[in-house]
Amino acid sequence: MTMLASRLAALSAVVATFYGIAAHAQSLPPLPEAIKSAGVLKAGVRCDQPPYGYKDETGKFAGVETDMAIQIAAWAFGSPDKIELTCVTAENRIPQLTGKKVDILIATLGITPERARVIDFSKPYRWGGSDMLVAKDSPIKKLDDVAGKTVIMLKGSTQAKWFEDNMAKVDNLRLNTASDALQALKQGRGDAYTHDAATLVVIAAKDPSLRLVGEPFAVSDAAVGVRKNEAGWLAYVDAALDRMKAEGLYDKWVDKWIPAEIRPFYVDAFTKPKPNAR
């Protein structure tokens, strides 16, 4: 009798677990027909911004935000292979979305009023600040030290807009990709390279000839971008982000893609309130 009771209890636990998982899976709203009929998720991700979106040494898509896109595809279509990833840059990512080349942007996209006029944002999933990268022996110690100097930045980036609005007298060199910007800094074509701090932390950790200035600015929430007037799709994306958080997937991806010595910086971005900054 005891063995029978034990087996029944075990069976009940399995059934409860199954229905719990099913109920959780059903917590996502219906997939909009326009997305469903495509049979694949067309996602724009960064290919030059580790650890969020980049290509590894084999040319394979990698990073936290890349895994976010793959997970949404898995929930939407039942397979992580049902995804078509497209590399986007700071400058072309919104035109890629509005031009229907992709249906979703998970691409280090900060929420700004200017962008909100042309696309819709999901709920934020992390915050991101900006910093500057300089040569290790550079005299630049704080943000104000770049007055009258040349700062390298990406076209269409949050940093470009911030400097335009707040430090207009700074000379700027605007380039297309993070790799171009880093090369320009190392060639001495500019005095500093400004970008998302999350990207610069990775670069500085790998290159002892460079250092971060360490004064955060232009801190904003990062969110997923979708086209205007796609309320059903936006609701699905928001629900997917909630599920990622509930299932602890952000922690898993941070552990997967980010070296232990710099991991706390990224954990804070997903779990703590935005810091005060200029």
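Residues numbered from 1 in each chain as written. Predicted model: local features only at pLDDT ≥ 70, side-chain atom pairs only at ≥ 80, totals over all residues. Heavy atoms only, no water.

## Considering empty space enclosed by the protein
Part 1 of the argument: The tally for this structure, following the rule as stated, stands at two cavities of 30 Å³ or more.
Part 2 of the argument: Quantified by volume, the largest cavity comes out at close to 140 Å³.
Part 3 of the argument: Arg 126, Gly 128, Gly 129, Asp 196 and Ser 220 are the residues nearest the centre of the largest cavity, which is lined by 19 residues in total.
Part 4 of the argument: For the lining of the largest cavity, the secondary-structure elements that each account for two or more residues are β8 (126-135), α6 (158-166), α8 (197-206) and β13 (217-222).
Part 5 of the argument: Element by element, the count of residues in the lining of the largest cavity is highest for β8, at five residues.
Part 6 of the argument: When its residues are assigned to classes, the lining of the largest cavity shows eight nonpolar, eight polar and three charged.
Part 7 of the argument: A volume near 50 Å³ is recorded for the second largest cavity.
Part 8 of the argument: Lining the second largest cavity are Arg 46, Gln 49, Ala 90, Arg 93, Thr 108, Ser 157, Thr 158, Gln 159, His 195 and Asp 196.
Part 9 of the argument: Those elements that place two or more of their residues in the lining of the second largest cavity are α6 and β11 (192-196). (1 Å grid on protein atoms, 1.4 Å probe; cavity = no way out; pocket = protein on both sides within 12 Å on 5 of 7 lines; lining within 4 Å. Points joined across faces, edges and corners; volume = space filled by probe spheres on them. Helix = DSSP H or I, 4+ residues; strand = E, 2+ residues; numbered from the N terminus. Nonpolar A, V, L, I, M, F, W, Y, C, P; charged D, E, K, R; others polar.)

## Quick notes on the packing of helix α3 (residues 64-77) against helix α10 (residues 249-257)
Part 1 of the argument: α10 packs onto α3 with a crossing angle of 135° between their chain directions and a minimal axis gap of 10 Å. Overall, the two elements α3 and α10 adopt an arrangement that is oblique. Remark: the crossing between α3 and α10 carries right-handed chirality. For the pair formed by α3 and α10, the contact residues are Val 64, Asp 67, Met 68, Gln 71 and Trp 75 on the first element and Leu 249, Tyr 250, Trp 253, Val 254, Lys 256 and Trp 257 on the second.
Part 2 of the argument: Counted by class, the contact of α3 with α10 contains eight nonpolar, one polar and two charged residues. (Axes fitted to C-alpha atoms, helices over the stretch in contact; angles between N-to-C directions. Parallel < 35°, antiparallel > 145°, perpendicular 65-115°, else oblique. Left-handed = near helix turned anticlockwise from the far one by under 90°. Contact = heavy atoms within 4.5 Å.)

## Topic: the nonpolar core
Part 1 of the argument: Counting residues in each nonpolar core, the largest one holds 44 residues, and the members touching the most others are Leu 41, Ile 72, Ile 104, Tyr 125, Trp 233, Met 244 and Tyr 266.
Part 2 of the argument: Among residues more than four places away in sequence, those in contact with Tyr 125 are Glu 65, Met 68, Ile 106, Ala 222, Ala 223, Val 224, Leu 241, Tyr 250 and Phe 270.
Part 3 of the argument: Membership of the second largest hydrophobic core comes to 16 residues, among which are Ile 140, Leu 143, Val 146 and Val 151. (Core = buried A, V, L, I, M, F, W, Y, C linked by side-chain atoms within 4.5 Å. Buried < 20%, exposed > 50% of the residue type's maximum accessible area, 1.4 Å probe, protein only.)

## Overview of the pairing of strand β10 (residues 171-175)
Part 1 of the argument: Examined bridge by bridge, strand β9 (residues 150-154) and β10 share five bridges and lie parallel to one another. Counterpart to Val 151 in the pairing with β10 is Asn 172.
Part 2 of the argument: With α6 bridging β9 and the parallel β10, this β-α-β connection has right-handed handedness. (Pairing = 2+ DSSP bridges. Right-handed = clockwise from strand over helix to strand, strands pointing away.)

## Comments concerning the sheet that holds strand β4 (residues 61-62)
Part 1 of the argument: Taken in spatial order, the three strands of this open sheet run β2-β3-β4, and their pairing is antiparallel. The strands lining the two open edges of the sheet, one partner per strand, are β2 (48-49) and β4.
Part 2 of the argument: Inspection of the sheet shows β2 paired to strand β3 (residues 53-55) by two bridges, in the antiparallel sense. The partner of Asp 48 across the bridge, within β3, is Tyr 54.

## Observations regarding α10
Part 1 of the argument: Among the residues of α10, Leu 249, Tyr 250, Trp 253 and Val 254 are the ones counted as buried. Viewed end-on, α10 has its buried residues packed into an arc of 135°, placing them on one side of the element. Opposite the buried face of α10, at more than 90 degrees from it, the exposed residues are Lys 252 and Lys 256.
Part 2 of the argument: Next to the buried residues of α10 lie α3, α9 (231-246) and α11 (263-271). (Arc of directions from axis to C-beta.)

## Considering the packing of aromatic side chains
Part 1 of the argument: A complete count under the given rule lists 11 aromatic pairs for this structure.
Part 2 of the argument: Seen from their ring centres, Tyr 125 and Phe 270 are 6.4 Å apart, and the 25° between their planes marks the pair as stacked. Of this pair, Tyr 125 sits in the loop between β7 (119-121) and β8 while Phe 270 sits in helix α11, and the two are 145 residues apart along the sequence.
Part 3 of the argument: Phe 270 gets classed as buried once you look at its relative accessible area, which sits at 12%.
Part 4 of the argument: With centroids separated by 5.8 Å and ring planes inclined at 25°, the aromatic side chains of Trp 233 and Tyr 236 adopt a geometry described as stacked. Of this pair, Trp 233 and Tyr 236 both sit in helix α9, three residues apart, which is roughly one turn of that helix.
Part 5 of the argument: With a relative accessible area of 2%, Trp 233 lands in the buried category.
Part 6 of the argument: Aromatic rings pair up to connect Tyr 125, Tyr 250, Trp 253 and Phe 270 into one cluster. (Phe/Tyr/Trp six-rings, centres within 6.5 Å; stacked < 30°, edge-to-face > 60°.)

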